[in-house]
Amino acid sequence: EPEVTQTPSHQVTQMGQEVILRCVPISNHLYFYWYRQILGQKVEFLVSFYNNEISEKSEIFDDQFSVERPDGSNFTLKIRSTKLEDSAMYFCASKRQVEAFFGQGTRLTVV
Amino acid sequence: RKEVEQDPGPFNVPEGATVAFNCTYSNSASQSFFWYRQDCRKEPKLLMSVYSSGNEDGRFTAQLNRASQYISLLIRDSKLSDSATYLCVGVTGTASKLTFGTGTRLQVTL
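None of the values given here were measured: they were computed from a predicted structure.

Student: What is the right way to look at the pairing of strand β7 (residues 65-68) of chain A in this model?
Tutor: Two faces belong to every sheet, and in a regular strand the side chains alternate between them. In terms of strand pairing, β7(A) meets strand β8 (residues 75-79) of chain A through 4 bridges, oriented antiparallel. Considered in β8(A), the bridge of Phe65(A) is made with Ile79(A).

So this is what it looks like as structure tokens:
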């Protein structure tokens, strides 16, 4: 069964460093998303991507964040200068039309 | 007002019980709704879609009432393995953004 895969599963980084979280969506899917979940809190929308461009982003997704789909397969989230409050689980999701499927997440810890 | 609201629980029920979760949404433009299940520190997993006509999948029944902006999930004959957090999700906009509720935690006990 096709699935969304994310790497790495865990990432520890120092405050101020750049991180890139990687995702391989399901191959025939058209919509791609990044969400985050701070421990004990709800799943929060960051950004959606369709037709090779950002279609919507939340207030959380400020200038420190960017997304790319560099090769038609990978979908990356970059955080330029990490802050302590960026520590969270980051989930990638994709969908073709109706139902969205999530990757297993990357746990980012900023120290 | 939150876009999607759920009672966080926890709901503690014995095995075999029937339990119902409710969810309300504020955005009348929401196009579709889903229930996801999330185990501790894992990703949300799609449980089922929610339709106005109702949707049943085995022990699970979901219902949407657009007039009241209300969604429900009924679990019959609860199993220990049903213990998880159940997330109510609405979809809005041309980007089909998913908006999550805070989730309702279910603990099924012996």
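Student: Which parts of the structure should I look at to understand the layout of surface pockets?
Tutor: Leftover empty space is mapped by rolling, across the atoms, a probe with the size of a water molecule. Taken as a whole, the largest pocket encloses approximately 450 Å³ of empty space. For the largest pocket, the lining is made up of 23 residues, of which Gln37(A), Gln38(B), Cys40(B), Arg41(B) and Thr85(B) are closest to its centre. Among the elements of the structure, β9 (88-95) of chain A together with β9 (84-92) and β11 (104-109) of chain B are those that each provide at least two residues to the lining of the largest pocket. At 3 residues, β11(B) tops the list of elements feeding residues into the lining of the largest pocket. Here the residues of the lining of the largest pocket sort into 8 nonpolar, 9 polar and 6 charged. Its volume calculated, the second largest pocket comes out at about 350 Å³. For the second largest pocket, the lining is made up of 15 residues, of which Glu1(A), Glu3(A), Phe101(A), Phe102(A) and Glu43(B) are closest to its centre. Considering every element that reaches the lining of the second largest pocket, the biggest residue donor is strand β10 (residues 100-102) of chain A, with 3 residues. Taken together, the residues of the lining of the second largest pocket sort by class into 9 nonpolar, 2 polar and 4 charged.

Calculation criteria
Residues numbered from 1 in each chain as written. Chains lettered and ligands numbered in written order. Predicted model: local features only at pLDDT ≥ 70, side-chain atom pairs only at ≥ 80, totals over all residues. Heavy atoms only, no water. Pairing = 2+ DSSP bridges. Helix = DSSP H or I, 4+ residues; strand = E, 2+ residues; numbered from the N terminus. 1 Å grid on protein atoms, 1.4 Å probe; cavity = no way out; pocket = protein on both sides within 12 Å on 5 of 7 lines; lining within 4 Å. Points joined across faces, edges and corners; volume = space filled by probe spheres on them. Nonpolar A, V, L, I, M, F, W, Y, C, P; charged D, E, K, R; others polar.

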